[in-house]
Number of protein chains: 2
Amino acid sequence: MAAIQSPKSQYQQVADLLRGRIADGTYSADQPLPSEPQLSAELGVSRQTINRAINVLRNAGLVRVRRGFGTFIRGVPQVTRDAKKRYAARNQGTGAGDVEIKALGLTPRTEYVEIGRVPAPPGVADVLRIEVDAPVLVRRRRLFANDEPTQLADSFIPWDIAEGAPELLKRDVGRGGSYTRLAELGHGPVRFTEEVTVRTATEDEAQLLELDGGQPVIDITHIAWDAADRAVEVALHVMPGNLWRLRYDWDDPTADEYPTADGDA
Amino acid sequence: MAAIQSPKSQYQQVADLLRGRIADGTYSADQPLPSEPQLSAELGVSRQTINRAINVLRNAGLVRVRRGFGTFIRGVPQVTRDAKKRYAARNQGTGAGDVEIKALGLTPRTEYVEIGRVPAPPGVADVLRIEVDAPVLVRRRRLFANDEPTQLADSFIPWDIAEGAPELLKRDVGRGGSYTRLAELGHGPVRFTEEVTVRTATEDEAQLLELDGGQPVIDITHIAWDAADRAVEVALHVMPGNLWRLRYDWDDPTADEYPTADGDA
DNA sequence: CAGTGGTCTAGACCACCAC
DNA sequence: TGGTGGTCTAGACCACTGC
């Protein structure tokens, strides 16, 4: 099917070779890969070419470079995030984010970056349909699996709602999680929307997620709606693209409306 | 917030500069960007450095290089794909894929790459819970917006179902689309699941989608289940990562089960 | 300190494109 | 044929790491 292509560039070939060696276990996960000068000598290409090849693997999330130290295989398995289940699990613990990590036998950890009252950033204000700079409660968290950062999760709640539940200003928001607190205030979420985009990480995100610049991230805007159809919470999730698998499912509400064989308007 | 960083590398600075010039309209979408030697002379850095900067923009999907001709701004807006609505729109035309494109005022086009009876590929057989190499109907399509490829969509239906509806072997599967044909056979989908991952494009995909190698793609495995909970169709979608925005929404089925304030098991 | 990867340059050769 | 981008090399300097 593929058209005849000119022979691959050397750095692509080197990248394929290294990919193969990673896959078949030639290189172990404990040891660093051979150094760039070593590979350069072994394969008879310049160090630049080796470096370019390794950059290909980095972009694919296959290896991780620790500067001044060496290049290592990234041994983190993919985490499945089931949109429905993660919120249904609210009765089992504090954060919904821990469920998926534990399921893989990894150790989750949550770092609270910021919890407090701040002016709403433009994007958030827009979604919550409030004025820019109107006060909101923000909860910024960084989630880890086995001490590797796996996700940034910034949650915003309009202040006029949040002020009713002082627990929301604590790290541990208490039994059932923040949605339960919202429910107690009469704003329990009954509907959720998520918008998913893929983009390259910003510098800040790359730092916090320990990614190389330019690596793709998944950007999820999660909105919780209460029974009065008010947006009561926005959560912005940013996650390394190669690390996650998102799962959604739904019933077809119009399953009984297939056109009949004889046709009608 | 960001820690003190050493000054950025030159190619990053050049990339930022070019990004700025694209954003503020210094460079028009009709004209190619200045050539690499020109930029090299203007900015006083080597051509390699310019080239690297442009590669950053390519990975972000901001520009598109036509070899031997020039580098151009990619002016395609993001398309929103609403998982529920796209299937609900089945009564309006043939393909569900056209809806989103038209909504943006772009011209959709579908290219049928392959329609026929083939042995099930391993991944597909696994999902459909049939033997590898058991026969399936495949419909491979490539979707365009304004003649730019926006999506690969390969659909698989177990042959024992598909053979009941000869229309499924035609390009135009008829009124209501393929799900209506399945419904007529007693296998109308009532439930859907989608799994979304992000990865770098394979060579074949890069060619078909006119991407540069290494660019991230969104990979969606869409499964349609009938009332007997049998997987009656699998659709594999591959789309340029920067081109799409995925939208999902769902009601919380457990909204009335928030723990009460006084608590119980 | 020696070894690692990050980056930069000058120069070069090539494939591809439009004319 | 001349201009475009794709790639490669040798050599260099640097920041960072662990010892």
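Look above for the structure.
One structure accompanies this document, and this report is about it. (Residues numbered from 1 in each chain as written. Chains lettered and ligands numbered in written order. Predicted model: local features only at pLDDT ≥ 70, side-chain atom pairs only at ≥ 80, totals over all residues. Heavy atoms only, no water.)

Quick word on the protein's contact with DNA strand C
Convention followed: Note on definitions. A residue lies near a molecule or strand when any single heavy atom of the residue is within 4 Å of it. N or O atoms closer than or at 3.5 Å make up a polar contact, with two conditions inside protein: a donor-capable atom paired with an acceptor-capable one, and, for residues adjacent in sequence, both atoms drawn from side chains. Each helix corresponds to a stretch of at least 4 residues labelled H or I by DSSP, and each strand to a stretch of at least 2 residues labelled E; elements are numbered beginning at the N terminus.
Lining the immediate environment of DNA strand C, one finds 26 residues, of which R47, Q48 and R58 of chain A together with Q10 and T49 of chain B sit closest. What you see for DNA strand C is that sugar and phosphate hold 67% of its atoms within 4 Å of the protein. A distance of 2.3 Å separates a base nitrogen of DNA strand C from a polar atom in the side chain of Q48 of chain A. At 3.0 Å, a side-chain N or O of N51 of chain A approaches a phosphate oxygen of DNA strand C. Residue assignment for the surface near DNA strand C shows that the elements contributing at least two residues are α2 (36-43), α3 (47-59) and β2 (70-73) of chain A together with α1 (10-23) and α3 (47-59) of chain B.

A closer look at the side chain of R139 of chain A
Residues and elements named next belong to chain A. Put simply, the rule reads: Here the term buried applies to any residue with accessible area under 20% of the maximum for its type, exposed to any over 50%, and partly exposed to those in between, with areas from a 1.4 Å probe on protein chains only. Note on charges: Lys and Arg go in the positive column, Asp and Glu in the negative column, and His and the chain ends are not counted at all. Salt bridges are defined by distance alone: a side-chain nitrogen of Lys or Arg within 4 Å of a carboxyl oxygen of Asp or Glu. We call two residues in contact whenever any of their non-hydrogen atoms come within 4.5 Å of each other.
Relative to the helices and strands, R139 resides in strand β5 (residues 135-145). Of the side chains with opposite charge, D172 comes closest to the buried, unpaired R139, at an N-O distance of 7.2 Å. Within the local environment of R139, its side chain forms a polar contact with the backbone oxygen of L168, the two atoms lying 2.8 Å apart. Beyond its immediate chain neighbours, meaning those up to four positions away, R139 contacts Y112, E114, I115, A153, D154, S155, L168, K170, R171 and V173.

Considerations on unusual backbone geometry
Residues and elements named next belong to chain A. Not every positive phi belongs to a glycine, and R129 is a case in point at roughly 55 degrees. Take R129: it is sitting in the loop between α6 (122-128) and β5. The class for R129 is exposed, based on a relative accessible area of 71%.

Points about the environment of A165 of chain B
Residue and element names in this part refer to chain B. Along the chain, A165 falls in the loop between α7 (159-162) and α8 (177-184). Along the primary structure A165 and R181 are separated by 16 residues, whereas in three dimensions their C-alpha atoms are 6.6 Å apart. Residues within four places of A165 in sequence aside, it is in contact with R181 and L185.

Quick look at the protein's contact with DNA strand D
This is how it is decided: Residue polarity follows a fixed list, in which Ala, Val, Leu, Ile, Met, Phe, Trp, Tyr, Cys and Pro are nonpolar, Asp, Glu, Lys and Arg are charged, and the others, Gly among them, are polar.
Around DNA strand D, a shell composed of 26 residues is seen, among which Q10 and T49 of chain A together with R47, Q48 and R58 of chain B lie nearest. In DNA strand D, atoms within 4 Å of the protein come from the sugar-phosphate backbone in 68% of cases. One of the side-chain N or O atoms of S35 of chain B is found 3.4 Å from a phosphate oxygen in DNA strand D. Here a base nitrogen of DNA strand D and a side-chain polar atom of Q48 of chain B are 2.2 Å apart. Elements with a minimum of two residues in the surface near DNA strand D: α1 (10-23) and α3 of chain A together with α2 (36-43), α3 and β2 (70-73) of chain B. Tallied by class, residues from the surface near DNA strand D come to 6 nonpolar, 13 polar and 7 charged.

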